[in-house]
Amino acid sequence: MGLNRKNRVSREQVAQMHHDNLRQNIQRRLEAARAKGDEALVRQLEAEADYIG
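Values in this document were obtained by computation on a predicted structure and should not be read as measured data. Numbering of residues starts from 1 in every chain and runs along the sequence as written. In keeping with the model being predicted, local features are shown solely for residues with a pLDDT of at least 70 and side-chain atom pairs are shown and tallied solely at 80 or more, while totals for entire chains, interfaces and linings include all residues. Side-chain numbers here rest on the full set of heavy atoms in the structure, without hydrogens or water.

So, about the overall build of the chain. Think of it this way: any DSSP run of H or I at least four residues long counts as a helix, any run of E at least two long counts as a strand, and we number them from the N terminus. The secondary structure content of the chain amounts to two helices and zero strands. The buried label applies to any residue whose accessible area, calculated with a 1.4 Å probe on protein chains only, is under 20% of its type's maximum; exposed applies above 50%, and partly exposed to all values in between. The buried share among the 53 residues of the chain stands at 11%. Methods summary: accessible areas were calculated by the Shrake-Rupley approach with a probe of 1.4 Å, and residue burial reflects only the protein chains presented. Summed over all atoms, the accessible surface of the chain reaches about 4,700 Å², with 50% contributed by carbon and sulfur.

The subject of this paragraph is the packing of helix α1 (residues 11–36) against helix α2 (residues 39–52). The interhelical angle for the contact between α1 and α2, taken along N-to-C directions, is 165°, at an axis separation of 9 Å. The orientation of α1 relative to α2 falls into the category roughly antiparallel. Here α1 runs over α2; the crossing is left-handed. Residues H19, L22, R23, I26, R29, L30, A33 and R34 of α1 pack against L41, V42, L45, E46, E48, A49 and I52 of α2. Gly is placed with the polar residues, together with every amino acid not listed as nonpolar (Ala, Val, Leu, Ile, Met, Phe, Trp, Tyr, Cys and Pro) or charged (Asp, Glu, Lys and Arg). Residues that form the contact of α1 with α2 fall into these classes: nine nonpolar, one polar and five charged. To get an axis, a line is fitted to the C-alpha atoms, and for a helix only the part in contact is used. The angle between two axes follows their N-to-C directions and goes from 0 to 180 degrees. Angle categories: roughly parallel below 35 degrees, roughly antiparallel above 145, roughly perpendicular from 65 to 115, and oblique for all the rest. Crossing handedness: left-handed means the near helix sits turned counterclockwise from the far one by under a right angle, and right-handed means the same turn made clockwise. Residues are treated as being in contact if the distance between any of their heavy atoms lies within 4.5 Å.

What follows covers the environment of Q27. Among the structural elements, Q27 can be located in helix α1. Of the residues examined, Q27 reaches a relative accessible area of 34% and is grouped as partly exposed. Counting along the chain gives 18 residues from Q27 to L45, while the straight-line C-alpha distance between them is 8.4 Å.

Attention now goes to the nonpolar core. Nonpolar core, defined: a set of buried Ala, Val, Leu, Ile, Met, Phe, Trp, Tyr and Cys residues in which side-chain atoms within 4.5 Å join the residues together. Counting six residues, the largest nonpolar core consists of I26, L30, A33, V42, L45 and A49. Secondary structure elements with two or more residues in this core: α1 and α2. Ignoring sequence-local partners within four residues, the contact set of A49 consists of R23 and I26.

Residues V9, V14 and M17 make up a contiguous nonpolar surface patch of about 260 Å² in total accessible area. Looking at the secondary structure, you find V9 in the segment before α1. Among the residues examined, V9 registers a relative accessible area of 47% and is labelled partly exposed. Patch definition: residues above 30% relative accessible area lacking any salt bridge, with like charges linked at up to 9 Å and the nonpolar side chains Val, Leu, Ile, Met, Phe, Trp and Tyr linked at up to 5 Å. Here, a salt bridge means any side-chain nitrogen of Lys or Arg that lies within 4 Å of a carboxyl oxygen of Asp or Glu.

What follows is the structure in structure tokens.
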């Protein structure tokens, strides 16, 4: 009872989706930190964004 081929997601696609989700999460957090004026958190999140690429 396997999935048919068109419904399968490759490991590469899953990895890319995960990476994209991480980037989106960091972007949301950056916006919130900037809105609060939390410069320390902004620097930390920018470093995290650089690290994950």
